[in-house]
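Fold and geometry: a report
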Amino acid sequence: MMTGVSMWKDNEIGCEDSVMGAGQRDDKNSLGPEQLTSLGHHKFPSALTHSPKEIWKKGGRVFSVLLGINLVLLSCTLVSGGAFHEIKLHDYDVFFMLTIVMLIAIVWMLFYLIHTSRHRGAILCKDAHAGPIWLRGGLVLFAVLTLVMDVFKTGYYSSFSHCLTAIKITYPIVQALFVIVQTYFLWVSAKDCVHVHLDVTRCGLMVTLTTNLAVWMSAVTDESVHKAQLKNPNGTHRMPGIRSSASESCSCDGKLCSVFHDGYFWMYPFNIEYSLFASAMVYVMWKNVGRFIDHHTNPMHHLKFKLFKKNFFVGAILGLLILVTGIGVLTVYEIQVNKNNPVEKKEQALMMYYIFNIVCLGLTSLASIAGSIVYRFDKRDMDRHKNPTRTLDVALLMGAALGQYAISYYSIVAIVASMSRDTISALNLTCSLLMIAQHTFQNIFIIEGLHRQPPEEENKIDPQQKDLYGLTFVNMNAVSLRVPDSGSALPSTTPPALAIQAPSEAIQSIRVSKKVNWRRRLLKEVSSFLLLCNVILWIMPAFGARPQFDNERELRFYGYPMWAAIVDICLPFGIFYRMHAVASLLEVYIMS
């Protein structure tokens, strides 16, 4: 039996490390007696040979990846081409393609839910790390706000029903249905390790994943085009939702039409985050297809979220203070910059924005460094078990940070090369440098926290020992009387190890326990502070703050086309980084 478990470990490690590598082997040696009985009609694969069925499983995973790559490239081509006047593509072409793939994904998800509920052996085990409750709760919240956006968008497009194609009115309705079905699908199936129809399941999940990425690209493009029209009305971008040839006959004159138009653009950040959250959860499901989990070698950690117990709330109070201040700064910034105010007013708003960001980034950098130092003294072991969810979290943190890295380095080069000596340039340079440092230190803190094991159960004191030194205040005279040299004063049932324990050892145990509690409390304070700071750092760019265009230093240095392309490509990744960091910091907080 031990040999079988070892063979299963090797097979799992070899199969799970690569996205395009070998498919998951159906190694039944890792299963318990009950599972072996239920799967007795299957043949055991040999550890030294590869059957044709196993080889096709490898090809099945590769085929699903290639299918996803082709769908993403097609979506990227249509979405990017439909955003400009010069290219003979229209936004209704993009809507038609998105509607088709969303309908296919809806049909497949319904098939999956019905089939797995009827097939008794479809799901033999579940991944305890996949789809935690706070991630699914965030998904539901973003789904509700996305449905609000679809209502606004349907009302807006319905105002032009006499001059727009039917697909534009149909698209938000289909998207709302897709969001409802997918949210329920991920809520009940995010932890599944499917073991039937492996190739069909992989392809279906990959189609769902690429559909979310296509919707994300469309939303990001529409929002970027909208912002570009506000900053540069004479640009070459096509306004989203209205054909250029019909823009004169499709004017938005009514008050209700303007409310619908502004409303669905304000809801775009939530739709963008919903698509990315769903993409991450679907990817973990794709990785878990055909996977067997041995809960002895990969234990489940039952974490309890105790927010209001034994906390000083220093991090939460400081974080809330920065959050409220940031909302005020954003409000003043939007009013001062977007109105026809004098240049001095706009520069004052930019200075206020940069000063706030410098303070916030500086504090978060120091907090991340402090948390990393505390980890140096943390005695918890590193969690080295296989965990696709954690692997994806780390990859997304590192990859999404590249977007903000790129913008910061372009800004640094522009400011230094242009030899600018004014106050705005100095603040911009400082903010860019701190942005790079903050991303680096925060990533180190989060990644190390995700790889730490939760507080172990073995740290709990035995009830018999707790009677001796588990109290907050200990009368050491009484302890001394209970531990005489002869040991006769102790009950006969007391273990020998406890009978010979000296008072100094009890004091040492209490001190060690207090040190551990202080470290964990400090980690919780750092995590809560960073979490709230990342919320405001997500809100500011997601809801309209664009100092990259309001500050004209980079625009003059690179030119509008190049700088707009840099910001429009890199900024969505920077915005996603903040929301993903919030989710990861919440997990670090709970695990501390």
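All values derive from a computational prediction rather than experimental measurement.

**Overview of the overall build of the protein**
Looking only at helices and strands, the protein features 20 helices and 2 strands. Burial analysis of the protein (592 residues in total) assigns 51% to the buried set. On the protein, roughly 28600 Å² of surface is accessible, and the fraction owed to carbon and sulfur atoms is 66%.

**Looking at the nonpolar core**
Counting 135 residues, the largest nonpolar core has Phe185 and Phe445 as its most contacted members. Once residues lying within four places of it in the same chain are set aside, the contact partners of Phe445 are Ser368, Gly371, Ser372, Tyr375, Leu523, Val526, Ser527, Leu530, Leu585 and Val588.

**Some details on the state of the cysteines**
In this structure the tally under the stated criterion is 0 disulfides. Note on Cys431: no disulfide assigned, nearest cysteine sulfur contributed by Cys360 at a separation of 9.7 Å.

**Here we look at helix H20 (residues 560–591)**
For an α-helix the count is 3.6 residues per turn, leaving residues at separations of three or four pointing the same way. Along its 32 residues, H20 runs 46 Å from first to last C-alpha, staying within 8% of the 46 Å computed at 1.5 Å per residue. Maximal helix bending in H20 amounts to about 30°, located at Cys570; proline Pro572 follows within four positions. Counted residue by residue, H20 has 23 buried out of 32 residues, so it is predominantly covered.

**Thoughts on the packing of aromatic side chains**
This structure, assessed with the given rule, holds 27 aromatic pairs. For the pair Phe95 and Tyr157, a centre-to-centre distance of 6.2 Å together with 55° between the ring planes defines the contact as tilted. Of this pair, Phe95 sits in helix H4 (residues 91–118) while Tyr157 sits in helix H5 (residues 133–158), and the two are 62 residues apart along the sequence. Comparing Phe95 with Tyr157, the two get one shared label, buried. Taken together, a centroid distance of 6.5 Å and an interplanar angle of 50° make the contact between Tyr157 and Tyr264 tilted. Residue Tyr157 is located in helix H5, and its partner Tyr264 is located in helix H8 (residues 255–266); the two are separated by 107 residues in the primary sequence. Tyr264 shares its class with Tyr157; the two are buried. Members of the aromatic cluster, joined through ring pairs, are Phe95, Tyr156, Tyr157, Tyr171, Tyr264, Phe265 and Tyr268. Here Arg136 stacks its cationic end above the ring of Trp187, 4.8 Å away from the centre of that ring. Its guanidinium or amino end placed over the ring of Tyr589, Lys524 lies 4.4 Å from that ring's centre, counting from NZ or CZ.

**Examining a nonpolar patch on the surface**
Taken together, the side chains of Met351, Ile355, Val359, Leu363, Leu366, Ile369, Ile373, Phe377, Phe441 and Ile444 define a hydrophobic patch exposed on the protein surface, amounting to about 860 Å² of accessible area. Elements that contribute at least two residues to the nonpolar patch include exactly helix H11 (343–376) and helix H13 (423–450). Here the element with the most residues in the nonpolar patch is H11; it accounts for 7 residues. Tracing the sequence through the fold places Phe441 in helix H13.

**Some words on the packing of H5 against helix H6 (residues 166–189)**
Following both chains from N to C, one finds H5 and H6 inclined at 165°, their axes separated by 9 Å at the closest point. Considered as vectors, H5 and H6 are oriented roughly antiparallel to each other. In this structure, H5 crosses over H6, and the sense of that crossing is left-handed.

**Description of the confidence of the model for the protein**
Looking at the protein, pLDDT values average 75 and 70% of them are 70 or higher. Confidence over residues 1–56 falls short of pLDDT 50; this stretch has 81 contacts with residues more than four positions distant or in other chains. Contacts from residues 457–502, a stretch scored under 50 in pLDDT, to residues over four places away or in other chains number 34 contacts.

**Details of the environment of Met591**
One can find Met591 in helix H20. Taking the C-alpha atoms as reference points, Met591 and Arg452, separated by 139 residues in sequence, lie 7.9 Å from one another.

**Topic: the environment of Thr389**
Following the sequence through the fold, Thr389 ends up in helix H12 (residues 388–417). Along the backbone, Thr389 and Ala130 are 259 residues apart, and their C-alpha atoms lie at a distance of 5.8 Å. Filtering out sequence-adjacent residues up to four positions away, Thr389 remains in contact with Asp127, His129, Ala130 and Val284.

**Describing the side chain of His195**
With respect to the helices and strands, His195 occurs in the loop between strand S2 (192–194) and helix H7 (198–231). Within the structure, His195 has its side chain in polar contact with the backbone oxygen of Cys193 (distance 2.8 Å). If we skip the residues at most four places from it in the chain, His195 touches Gly121, Ala122, Leu124, Cys125, Gly290, Arg291 and Phe292.

**A few points about the side chain of His439**
Here His439 lies in helix H13. His439 gets classed as buried once you look at its relative accessible area, which sits at 1%. Dropping the residues within four chain positions of it, His439 is found in contact with Ala401, Gln404, Tyr405, Tyr577 and Arg578.

**Some points on unusual backbone geometry**
Of note, the phi angle at His197 is positive, near 50°, even though the residue is not glycine. Counting through the fold element by element, His197 comes out in the loop between S2 and H7. Classification of His197 as partly exposed rests on a relative accessible area of 45%.

**Overview of the environment of Val314**
Here Val314 lies in helix H10 (residues 314–338). In the structure, Val314 is positioned 214 residues away from Ser528 in sequence and 9.0 Å away in space, judged by C-alpha atoms.

**Re the packing of helix H9 (residues 268–287) against H12**
A pair of packed helices is captured by two measures, namely the crossing angle of their axes and the spacing between those axes. Taken N-terminus to C-terminus, the directions of H9 and H12 make an angle of 135°; their axes are 10 Å apart at the nearest point. Between H9 and H12, the interaxial angle falls into the category oblique. Of the two possible hands of crossing, H9 and H12 adopt the one that is right-handed. Residues Ala280, Tyr283, Val284 and Lys287 of H9 lie in contact with H12, whose contacting residues are Pro388, Thr389, Leu392 and Leu396. Tallied by class, residues from the contact of H9 with H12 come to 6 nonpolar, 1 polar and 1 charged.

Reading the values: rules and limits
Residues numbered from 1 in each chain as written. Predicted model: local features only at pLDDT ≥ 70, side-chain atom pairs only at ≥ 80, totals over all residues. Heavy atoms only, no water. Helix = DSSP H or I, 4+ residues; strand = E, 2+ residues; numbered from the N terminus. Buried < 20%, exposed > 50% of the residue type's maximum accessible area, 1.4 Å probe, protein only. Areas by Shrake-Rupley, 256 points an atom, 1.4 Å probe, with all protein chains shown as cover. Core = buried A, V, L, I, M, F, W, Y, C linked by side-chain atoms within 4.5 Å. Contact = heavy atoms within 4.5 Å. Disulfide = S-S within 2.5 Å. Expected span 1.5 Å × (residues − 1). Bend = angle between axes of the 7 residues up to and from the residue. Phe/Tyr/Trp six-rings, centres within 6.5 Å; stacked < 30°, edge-to-face > 60°. Lys NZ or Arg CZ within 6 Å of the ring centre and 35° of its normal. Patch = residues over 30% accessible without salt bridge, like charges linked within 9 Å, V, L, I, M, F, W, Y side chains within 5 Å. Salt bridge = Lys/Arg side-chain N within 4 Å of Asp/Glu carboxyl O. Axes fitted to C-alpha atoms, helices over the stretch in contact; angles between N-to-C directions. Parallel < 35°, antiparallel > 145°, perpendicular 65-115°, else oblique. Left-handed = near helix turned anticlockwise from the far one by under 90°. pLDDT = per-residue confidence, 0-100. Polar contact = N/O pair within 3.5 Å; in protein donor to acceptor, adjacent residues only side chain to side chain. Nonpolar A, V, L, I, M, F, W, Y, C, P; charged D, E, K, R; others polar.

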